[in-house]
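Fold and geometry: a report
So the chains spell out like this:
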Amino acid sequence: MKFKYQARTKEGELQVGFVEAGSKESAEKILTSHELFILLLEEVERPNFFNRILNYFTKVKLKDLVIFYRQMAVLFESQLPLNRILESLYSQSSQPQIKEAAFQILQDIQSGLSFSQAAEKQTDVFSPFAISMIRSGEVTGNLDRVITFLADYTEKEYNLISKAKSASIYPAVIVGVFIIVAGIMVTFVFPQIKPIFDQSGVKLPLFANIILGLGNFLSEWWIAVVLLLIVIIILIIDFIQTDEGKALIDELKIKMPFLKKVFLPITISRFAYATSMLIRGGVPVAQTIEIVSNTINNTLYKEYLHDIASDVKAGMNLSEAISQYPKYFPELVPQMISVGEQTGQLDKILERVANFYFREADNIVNNITDLIQPILIIIIGILVGFLFASILVPIYNLTSNIG
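Residues numbered from 1 in each chain as written. Predicted model: local features only at pLDDT ≥ 70, side-chain atom pairs only at ≥ 80, totals over all residues. Heavy atoms only, no water.

Any two side chains of opposite charge can pair, given that their charged atoms come close. One pass over the structure, following the stated rule, counts three salt bridges. In this structure, the salt-bridge partner of Glu155 is Arg70, at a minimum N-O distance of 2.7 Å. On the criterion of sequence distance, the pair formed by Glu155 in helix 8 (residues 143-200) and Arg70 in helix 3 (residues 62-77) is long-range, its members being 85 residues apart. The class for Glu155 is partly exposed, based on a relative accessible area of 30%. (Salt bridge = Lys/Arg side-chain N within 4 Å of Asp/Glu carboxyl O. Helix = DSSP H or I, 4+ residues; strand = E, 2+ residues; numbered from the N terminus. Buried < 20%, exposed > 50% of the residue type's maximum accessible area, 1.4 Å probe, protein only.)

The subject of this paragraph is helix 9 (residues 206-240). Counted at 1.5 Å a residue, the expected span for helix 9 with its 35 residues is 51 Å, but the 39 Å between its end C-alpha atoms falls short. For helix 9, the principal kink sits at Trp221 and spans about 80°. Within the sequence span of helix 9, burial applies to Ala208, Ile211, Leu212, Gly215, Leu218, Ile237 and Asp238. (Expected span 1.5 Å × (residues − 1). Bend = angle between axes of the 7 residues up to and from the residue.)

Here the structure, examined in full by the defined rule, presents one cavity of 30 Å³ or more. Looking at the largest cavity, its volume works out to about 50 Å³. Together, Ser136, Thr140, Asn142, Arg145, Val146, Met277, Leu278, Arg280 and Gly281 line the largest cavity. Secondary-structure elements contributing two or more residues to the lining of the largest cavity are helix 7 (128-140), helix 8 and helix 11 (257-280). At three residues, the largest contribution of residues to the lining of the largest cavity is made by helix 11. Partitioned by chemical class, the residues of the lining of the largest cavity number three nonpolar, four polar and two charged. (1 Å grid on protein atoms, 1.4 Å probe; cavity = no way out; pocket = protein on both sides within 12 Å on 5 of 7 lines; lining within 4 Å. Points joined across faces, edges and corners; volume = space filled by probe spheres on them. Nonpolar A, V, L, I, M, F, W, Y, C, P; charged D, E, K, R; others polar.)

Two numbers describe a pair of aromatic rings. These are the distance of the centres and the angle of the planes. All chains considered together, the criterion is met by 15 aromatic pairs. Ring geometry for Phe68 against Phe126: centres 5.8 Å apart, planes inclined by 75°, an arrangement best described as edge-to-face. Of the two residues, Phe68 sits in helix 3 while Phe126 sits in the loop between helix 6 (115-120) and helix 7, which places them 58 residues apart along the sequence. Here Phe68 and Phe126 have matching classes, each one buried. For the pair Tyr153 and Tyr273, a centre-to-centre distance of 5.4 Å together with 80° between the ring planes defines the contact as edge-to-face. Separated by 120 residues along the polypeptide, Tyr153 in helix 8 and Tyr273 in helix 11 bring together distant segments of the chain. Of the two residues examined, Tyr153 and Tyr273, each falls in the buried class. (Phe/Tyr/Trp six-rings, centres within 6.5 Å; stacked < 30°, edge-to-face > 60°.)

See below:
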């Protein structure tokens, strides 16, 4: 269950956010264990099935967010007041959700809310990561630098994802054409040929019988098969929008060898960037890790970072605390952090770590995209050969019998 809270720290700082817990009492214990004085705690209503499906298809595109953050960063650099910035974003934006979010944030700020509190109500536009970074910018007085950081980081993510998508277009077209052609042949062409072999008494190979049997089944039940596939796709989309589905996807990203090569460096990069920004703004290390744990957008890392923050509060160095989780933080990370702690330049060292792992993710994506096309062509060639062999071999046997 997810609960929204408003609380104050021992220093009187207002915090607004979300906490996951099995019950309201458990949520209260979690917040009080972090020395927060609760002002408001209420359960967040979970979206129903249709809203989850709709949200999947109508969510704001990353490209629109890049433009939004970049425009906001430029306006902050011009030293305009926040209300003027939001008015400008509202008039310039052509994306309906972003336009509406800018208007609602402006209204909330004029009614007395802070920027982070207003942004937190616009979850379609602002991720938990962005909201926490904005809140840290307000606390440290570096809101302009935070917005510039969000613009740069979002642009890097967009470029990385765009590169992967562009490289997958050609393979996707090949796979799509093959599936369509194979489906037509198996469903409509092969069943028309089968009676010829039955009448001639030619014994068909096992793989030919499998293909022809599949063709007979699809020719009679293809509508049911299509409907079943649509239902399965909808259920999968719905599941990955739930907390359980997101947790499963997060676990696969980090534990599956192929996916881990891409998502581990991206996650480390995001962690290091956010931690660097907060420490540079003067936020204590333990509080920094606590904030980052709620913004890392991965349930596994969220849990481990909570534990790391507790260890740091107990007096352990950040490098020592992180080194306890070698599967999730490569050896280089605690080593570099240790150097930063010894030299008093932890924020700069973390920024270097972030840049290193983002370049690593970029290189891995480049290598994968270079390999995927030839591998896919080989696989498609084998499948095409198998498909045609299932009909050509029986035809050869038939002509041999006639001869």
